[in-house]
Amino acid sequence: IPDPADGFVVGEVVATRGETLLVRCIGRDRELPASDVQSVNPPEQDMLDDLARLTSLNEASILHALSTRYARDQIYTYSGLFCVVINPYKDLPIYSPDVAAQYRNVPRGTQPPHVYAVADQAYRSMMTAPRRAGAGPTQVILCTGESGAGKTENTKHLIRYFTWTTAARTADTRAGFSPAGRRQTKSEASIEQLLLRANPILEAFGNACTPKNNNSSRFGKFIRLHFGTNGYLAGASLDTYLLEKVRAVRQGPGERGFHAMHMLVHGAPAELRAELKLTAAKYSYLRDATSLPGADDAAAFRAVND
(Lines give C-alpha, C1' and ligand atoms only; values in the text may rest on other atoms or scores of the structure.)
Protein backbone atom coordinates (compact mmCIF):
# COMPACT_ATOMS: atom_id res chain seq x y z
CA ILE A 1 0.00 0.00 0.00
CA PRO A 2 1.23 3.60 -0.52
CA ASP A 3 3.44 5.05 2.20
CA PRO A 4 4.70 8.67 2.32
CA ALA A 5 8.10 7.68 3.73
CA ASP A 6 8.97 4.40 1.97
CA GLY A 7 6.87 4.64 -1.17
CA PHE A 8 5.09 1.36 -0.48
CA VAL A 9 4.83 -0.99 2.52
CA VAL A 10 3.47 -4.51 2.86
CA GLY A 11 0.09 -5.01 4.52
CA GLU A 12 -2.58 -7.68 4.90
CA VAL A 13 -6.14 -7.31 3.62
CA VAL A 14 -8.40 -8.28 6.54
CA ALA A 15 -11.78 -7.16 5.19
CA THR A 16 -13.52 -6.05 2.02
CA ARG A 17 -16.18 -3.37 2.08
CA GLY A 18 -17.39 -2.81 -1.46
CA GLU A 19 -14.73 -0.74 -3.26
CA THR A 20 -12.85 -0.19 0.01
CA LEU A 21 -10.36 -2.56 1.64
CA LEU A 22 -9.39 -2.75 5.30
CA VAL A 23 -5.61 -3.30 5.38
CA ARG A 24 -3.61 -4.16 8.48
CA CYS A 25 -0.14 -2.67 8.32
CA ILE A 26 2.47 -2.06 11.01
CA GLY A 27 0.05 -2.76 13.86
CA ARG A 28 -2.84 -0.59 12.70
CA ASP A 29 -5.76 -0.87 10.29
CA ARG A 30 -6.29 1.48 7.36
CA GLU A 31 -9.19 1.84 4.97
CA LEU A 32 -8.05 2.33 1.39
CA PRO A 33 -9.70 2.35 -2.06
CA ALA A 34 -9.18 -1.01 -3.76
CA SER A 35 -7.40 0.79 -6.60
CA ASP A 36 -4.64 1.90 -4.17
CA VAL A 37 -3.85 -1.64 -3.02
CA GLN A 38 -1.42 -3.65 -5.16
CA SER A 39 -0.72 -7.38 -5.08
CA VAL A 40 2.40 -8.79 -3.41
CA ASN A 41 4.53 -11.49 -5.04
CA PRO A 42 5.67 -14.60 -3.14
CA PRO A 43 9.03 -14.21 -1.31
CA GLU A 44 10.79 -16.64 -3.66
CA GLN A 45 10.42 -14.02 -6.43
CA ASP A 46 12.22 -11.26 -4.49
CA MET A 47 15.54 -11.96 -6.28
CA LEU A 48 14.29 -12.73 -9.78
CA ASP A 49 16.72 -11.28 -12.31
CA ASP A 50 13.98 -10.44 -14.85
CA LEU A 51 11.05 -8.27 -13.79
CA ALA A 52 8.97 -9.71 -16.64
CA ARG A 53 8.81 -13.01 -14.72
CA LEU A 54 7.05 -11.51 -11.68
CA THR A 55 3.60 -12.99 -11.06
CA SER A 56 2.15 -9.58 -10.19
CA LEU A 57 3.69 -6.83 -12.26
CA ASN A 58 2.88 -3.46 -10.70
CA GLU A 59 4.75 -0.39 -9.46
CA ALA A 60 5.04 -1.61 -5.86
CA SER A 61 6.29 -5.10 -6.79
CA ILE A 62 8.83 -3.69 -9.26
CA LEU A 63 10.25 -1.24 -6.70
CA HIS A 64 10.36 -3.99 -4.05
CA ALA A 65 12.23 -6.37 -6.38
CA LEU A 66 14.73 -3.71 -7.42
CA SER A 67 15.38 -2.54 -3.84
CA THR A 68 15.83 -6.14 -2.62
CA ARG A 69 18.40 -6.85 -5.32
CA TYR A 70 20.09 -3.48 -4.78
CA ALA A 71 20.52 -4.24 -1.06
CA ARG A 72 22.56 -7.31 -2.14
CA ASP A 73 24.70 -5.29 -4.60
CA GLN A 74 22.78 -6.71 -7.59
CA ILE A 75 22.58 -3.41 -9.44
CA TYR A 76 21.58 -4.89 -12.82
CA THR A 77 18.10 -6.33 -13.42
CA TYR A 78 16.46 -7.30 -16.69
CA SER A 79 13.00 -6.11 -17.63
CA GLY A 80 12.18 -8.01 -20.79
CA LEU A 81 14.44 -6.59 -23.50
CA PHE A 82 15.75 -3.83 -21.22
CA CYS A 83 18.44 -3.82 -18.55
CA VAL A 84 17.65 -1.65 -15.50
CA VAL A 85 20.69 -0.23 -13.69
CA ILE A 86 20.74 1.43 -10.27
CA ASN A 87 23.82 3.48 -9.38
CA PRO A 88 25.54 1.84 -6.37
CA TYR A 89 27.55 4.99 -5.55
CA LYS A 90 30.49 2.75 -4.65
CA ASP A 91 33.01 0.53 -6.43
CA LEU A 92 31.95 -3.07 -7.05
CA PRO A 93 34.31 -5.88 -8.16
CA ILE A 94 32.23 -6.76 -11.22
CA TYR A 95 34.21 -5.08 -14.02
CA SER A 96 37.34 -6.79 -15.38
CA PRO A 97 38.51 -8.88 -18.35
CA ASP A 98 37.90 -12.06 -16.34
CA VAL A 99 34.31 -11.07 -15.55
CA ALA A 100 33.81 -10.07 -19.19
CA ALA A 101 34.97 -13.53 -20.29
CA GLN A 102 32.05 -15.08 -18.38
CA TYR A 103 29.61 -13.23 -20.64
CA ARG A 104 31.35 -13.83 -23.92
CA ASN A 105 29.38 -15.93 -26.42
CA VAL A 106 26.85 -17.17 -23.84
CA PRO A 107 23.04 -16.84 -24.09
CA ARG A 108 21.44 -14.13 -22.02
CA GLY A 109 20.13 -15.49 -18.74
CA THR A 110 22.92 -17.99 -18.12
CA GLN A 111 24.83 -15.35 -16.11
CA PRO A 112 23.52 -12.65 -13.74
CA PRO A 113 22.29 -9.48 -15.46
CA HIS A 114 25.14 -7.18 -16.49
CA VAL A 115 25.97 -4.44 -18.96
CA TYR A 116 28.46 -6.95 -20.43
CA ALA A 117 25.54 -9.22 -21.37
CA VAL A 118 23.90 -6.33 -23.24
CA ALA A 119 27.15 -5.61 -25.07
CA ASP A 120 27.72 -9.27 -25.96
CA GLN A 121 24.20 -9.70 -27.29
CA ALA A 122 24.62 -6.63 -29.51
CA TYR A 123 28.03 -7.84 -30.73
CA ARG A 124 26.81 -11.36 -31.56
CA SER A 125 23.70 -9.97 -33.31
CA MET A 126 25.92 -7.72 -35.40
CA MET A 127 28.20 -10.62 -36.38
CA THR A 128 25.38 -13.04 -37.27
CA ALA A 129 22.94 -10.66 -38.98
CA PRO A 130 22.75 -10.83 -42.80
CA ARG A 131 24.81 -8.18 -44.53
CA ARG A 132 23.21 -5.63 -46.81
CA ALA A 133 24.73 -4.43 -50.05
CA GLY A 134 27.15 -1.60 -49.32
CA ALA A 135 26.65 -1.66 -45.56
CA GLY A 136 27.09 -4.10 -42.70
CA PRO A 137 24.58 -4.85 -39.94
CA THR A 138 24.13 -2.17 -37.28
CA GLN A 139 23.33 -2.47 -33.59
CA VAL A 140 22.37 0.36 -31.23
CA ILE A 141 22.64 0.48 -27.42
CA LEU A 142 20.76 3.34 -25.77
CA CYS A 143 21.90 4.41 -22.30
CA THR A 144 19.25 6.67 -20.82
CA GLY A 145 18.17 7.83 -17.39
CA GLU A 146 18.04 10.80 -15.05
CA SER A 147 21.08 12.70 -13.76
CA GLY A 148 23.32 10.42 -11.69
CA ALA A 149 21.84 7.19 -13.03
CA GLY A 150 25.23 5.96 -14.28
CA LYS A 151 24.98 6.50 -18.04
CA THR A 152 28.56 7.75 -18.46
CA GLU A 153 30.13 4.96 -16.40
CA ASN A 154 28.16 2.21 -18.13
CA THR A 155 29.13 3.66 -21.51
CA LYS A 156 32.79 3.31 -20.49
CA HIS A 157 32.19 -0.34 -19.51
CA LEU A 158 30.53 -1.00 -22.86
CA ILE A 159 33.52 0.39 -24.74
CA ARG A 160 35.94 -1.68 -22.65
CA TYR A 161 33.91 -4.82 -23.25
CA PHE A 162 34.02 -4.39 -27.01
CA THR A 163 37.79 -3.84 -27.01
CA TRP A 164 38.32 -6.85 -24.73
CA THR A 165 36.05 -8.99 -26.92
CA THR A 166 37.84 -8.15 -30.14
CA ALA A 167 41.17 -8.80 -28.39
CA ALA A 168 39.85 -12.18 -27.25
CA ARG A 169 39.03 -13.07 -30.87
CA THR A 170 42.72 -12.63 -31.64
CA ALA A 171 43.60 -14.95 -28.77
CA ASP A 172 41.03 -17.49 -29.97
CA THR A 173 42.77 -17.80 -33.33
CA ARG A 174 46.01 -18.66 -31.54
CA ALA A 175 46.02 -20.88 -28.46
CA GLY A 176 42.46 -20.54 -27.17
CA PHE A 177 40.84 -17.78 -25.17
CA SER A 178 42.72 -16.84 -22.01
CA PRO A 179 41.12 -13.74 -20.48
CA ALA A 180 43.90 -13.15 -17.96
CA GLY A 181 46.71 -13.53 -20.48
CA ARG A 182 45.28 -12.09 -23.66
CA ARG A 183 46.53 -8.80 -25.11
CA GLN A 184 44.86 -6.16 -27.20
CA THR A 185 46.34 -5.26 -30.54
CA LYS A 186 47.96 -1.83 -30.68
CA SER A 187 45.14 -0.41 -32.82
CA GLU A 188 42.44 -1.73 -30.47
CA ALA A 189 44.23 -0.40 -27.41
CA SER A 190 44.76 2.99 -29.03
CA ILE A 191 41.08 3.27 -30.03
CA GLU A 192 39.98 2.40 -26.50
CA GLN A 193 42.45 4.87 -24.99
CA LEU A 194 41.46 7.64 -27.38
CA LEU A 195 37.78 7.23 -26.48
CA LEU A 196 38.46 7.03 -22.76
CA ARG A 197 41.02 9.85 -22.82
CA ALA A 198 38.45 12.08 -24.53
CA ASN A 199 36.27 11.84 -21.42
CA PRO A 200 38.24 14.33 -19.26
CA ILE A 201 37.91 16.95 -22.00
CA LEU A 202 34.21 16.27 -22.58
CA GLU A 203 33.48 16.25 -18.86
CA ALA A 204 35.47 19.44 -18.22
CA PHE A 205 33.53 21.50 -20.76
CA GLY A 206 30.22 19.62 -20.69
CA ASN A 207 29.69 18.38 -17.12
CA ALA A 208 28.67 20.28 -14.00
CA CYS A 209 27.48 19.85 -10.44
CA THR A 210 23.71 19.56 -9.90
CA PRO A 211 21.74 18.84 -6.71
CA LYS A 212 21.54 15.15 -7.70
CA ASN A 213 24.94 14.57 -9.25
CA ASN A 214 28.38 16.13 -8.78
CA ASN A 215 29.38 15.12 -12.31
CA SER A 216 26.24 15.50 -14.40
CA SER A 217 26.60 15.48 -18.19
CA ARG A 218 24.85 18.56 -19.54
CA PHE A 219 24.94 17.36 -23.16
CA GLY A 220 24.10 14.33 -25.27
CA LYS A 221 26.71 11.96 -26.63
CA PHE A 222 26.55 9.61 -29.63
CA ILE A 223 29.45 7.18 -29.99
CA ARG A 224 29.97 5.09 -33.12
CA LEU A 225 32.22 2.02 -32.95
CA HIS A 226 33.27 0.68 -36.35
CA PHE A 227 34.03 -3.02 -36.78
CA GLY A 228 35.60 -4.80 -39.72
CA THR A 229 33.98 -7.80 -41.42
CA ASN A 230 36.19 -10.03 -39.26
CA GLY A 231 34.68 -8.57 -36.09
CA TYR A 232 37.72 -6.56 -35.03
CA LEU A 233 37.38 -2.98 -33.80
CA ALA A 234 38.53 -0.75 -36.64
CA GLY A 235 37.69 2.80 -35.55
CA ALA A 236 35.38 5.09 -33.63
CA SER A 237 33.78 8.51 -33.76
CA LEU A 238 31.98 10.66 -31.22
CA ASP A 239 29.33 13.35 -31.69
CA THR A 240 28.01 15.71 -29.01
CA TYR A 241 24.76 17.67 -29.08
CA LEU A 242 22.31 19.76 -27.02
CA LEU A 243 24.93 21.36 -24.76
CA GLU A 244 23.27 23.35 -21.95
CA LYS A 245 25.05 26.58 -22.90
CA VAL A 246 23.04 28.78 -20.53
CA ARG A 247 24.84 27.14 -17.60
CA ALA A 248 27.98 29.06 -18.54
CA VAL A 249 26.40 32.30 -17.28
CA ARG A 250 23.57 31.20 -14.98
CA GLN A 251 23.07 28.33 -12.51
CA GLY A 252 20.21 27.35 -10.25
CA PRO A 253 20.39 27.01 -6.45
CA GLY A 254 22.87 24.32 -5.38
CA GLU A 255 24.38 24.08 -8.87
CA ARG A 256 27.69 25.11 -10.41
CA GLY A 257 28.96 26.09 -13.82
CA PHE A 258 30.96 23.73 -16.03
CA HIS A 259 33.92 21.98 -14.39
CA ALA A 260 36.44 23.76 -16.65
CA MET A 261 35.74 27.07 -14.90
CA HIS A 262 36.40 25.62 -11.47
CA MET A 263 39.51 23.79 -12.67
CA LEU A 264 40.91 27.15 -13.76
CA VAL A 265 39.95 28.98 -10.56
CA HIS A 266 41.17 26.30 -8.15
CA GLY A 267 43.49 24.02 -10.11
CA ALA A 268 45.47 26.11 -12.59
CA PRO A 269 49.03 27.19 -11.69
CA ALA A 270 49.23 30.50 -9.85
CA GLU A 271 51.05 32.17 -12.77
CA LEU A 272 48.27 31.28 -15.21
CA ARG A 273 45.55 32.45 -12.84
CA ALA A 274 47.37 35.74 -12.36
CA GLU A 275 47.78 36.16 -16.11
CA LEU A 276 44.05 35.53 -16.66
CA LYS A 277 43.17 37.74 -13.67
CA LEU A 278 41.29 34.90 -12.01
CA THR A 279 41.12 36.37 -8.52
CA ALA A 280 38.28 34.45 -6.90
CA ALA A 281 37.55 37.05 -4.23
CA LYS A 282 37.17 39.90 -6.73
CA TYR A 283 34.14 38.75 -8.73
CA SER A 284 30.98 37.16 -7.33
CA TYR A 285 30.92 34.61 -10.16
CA LEU A 286 34.41 33.41 -9.17
CA ARG A 287 33.90 33.88 -5.45
CA ASP A 288 30.95 31.47 -5.58
CA ALA A 289 32.95 28.92 -7.60
CA THR A 290 33.49 26.67 -4.61
CA SER A 291 35.40 23.43 -5.02
CA LEU A 292 33.59 20.11 -4.57
CA PRO A 293 34.46 18.05 -1.46
CA GLY A 294 37.08 15.45 -2.36
CA ALA A 295 37.67 16.91 -5.83
CA ASP A 296 41.26 17.43 -6.97
CA ASP A 297 40.93 20.40 -9.33
CA ALA A 298 44.67 20.59 -9.92
CA ALA A 299 44.83 16.94 -11.05
CA ALA A 300 41.73 17.41 -13.21
CA PHE A 301 43.29 20.51 -14.80
CA ARG A 302 46.45 18.52 -15.64
CA ALA A 303 44.42 15.62 -17.07
CA VAL A 304 42.56 17.95 -19.44
CA ASN A 305 45.79 19.58 -20.57
CA ASP A 306 47.45 16.21 -21.13
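Residues numbered from 1 in each chain as written. Predicted model: local features only at pLDDT ≥ 70, side-chain atom pairs only at ≥ 80, totals over all residues. Heavy atoms only, no water.

Notes on the packing of aromatic side chains
Right, on to step 1. Applying the stated criterion to the full structure yields seven aromatic pairs.
Right, on to step 2. Between tyrosine 103 and tyrosine 116 the ring centres are 6.3 Å apart and the planes differ by 70°, which places this aromatic pair in the edge-to-face class. Separated by 13 residues along the polypeptide, tyrosine 103 in the loop between helix H2 (97-101) and helix H3 (115-128) and tyrosine 116 in helix H3 bring together distant segments of the chain. Both residues of the pair, tyrosine 103 and tyrosine 116, belong to the buried class.
Right, on to step 3. Through a chain of ring-to-ring contacts, three or more aromatic side chains come together here, namely Tyr95, Tyr103, Tyr116, Tyr123, Tyr161, Phe162, Trp164 and Phe227.
Right, on to step 4. Directly above the ring of tyrosine 78 sits arginine 108, whose terminal nitrogen or CZ lies 3.9 Å from the centroid. (Phe/Tyr/Trp six-rings, centres within 6.5 Å; stacked < 30°, edge-to-face > 60°. Helix = DSSP H or I, 4+ residues; strand = E, 2+ residues; numbered from the N terminus. Buried < 20%, exposed > 50% of the residue type's maximum accessible area, 1.4 Å probe, protein only. Lys NZ or Arg CZ within 6 Å of the ring centre and 35° of its normal.)

Quick look at a nonpolar patch on the surface
Right, on to step 1. On the surface, Phe222, Tyr241 and Leu242 cluster together into a nonpolar patch covering about 350 Å² of accessible area.
Right, on to step 2. Position of phenylalanine 222 among the secondary structure elements: in strand S10 (residues 220-227).
Right, on to step 3. By relative accessible area, which is 38% here, phenylalanine 222 ends up partly exposed. (Patch = residues over 30% accessible without salt bridge, like charges linked within 9 Å, V, L, I, M, F, W, Y side chains within 5 Å. Areas by Shrake-Rupley, 256 points an atom, 1.4 Å probe, with all protein chains shown as cover. Salt bridge = Lys/Arg side-chain N within 4 Å of Asp/Glu carboxyl O.)

A look at the nonpolar core
Buried together is how nonpolar side chains tend to be arranged in soluble globular proteins.
Right, on to step 1. Judged by nonpolar contacts, the single largest core of 17 residues is most densely connected at Tyr103, Tyr116, Tyr161 and Phe162.
Right, on to step 2. Elements supplying a minimum of two residues to this core: strand S6 (76-79), H2, H3 and helix H4 (151-172).
Right, on to step 3. Here the element with the most residues in this core is H3; it accounts for six residues.
Right, on to step 4. The contacts of phenylalanine 162, once residues within four sequence positions are left out, are Ala119, Tyr123, Ile141, Leu225 and Phe227. (Core = buried A, V, L, I, M, F, W, Y, C linked by side-chain atoms within 4.5 Å. Contact = heavy atoms within 4.5 Å.)

Quick notes on the pattern of salt bridges
Right, on to step 1. Using the criterion set out here, one finds twelve salt bridges in the structure.
Right, on to step 2. Between glutamate 31 and arginine 17 there is a salt bridge, with the nearest N and O atoms lying 2.3 Å from each other. Here the residue glutamate 31 occupies a position in strand S5 (residues 28-33), and arginine 17 occupies one in strand S3 (residues 12-17), the gap between them amounting to 14 residues.
Right, on to step 3. For arginine 17, a relative accessible area of 46% translates into the label partly exposed.
Right, on to step 4. Among the ionic pairs, glutamate 244 bridges to arginine 247, the shortest N-O distance being 2.8 Å.
Right, on to step 5. What makes glutamate 244 partly exposed here is its relative accessible area of 26%.

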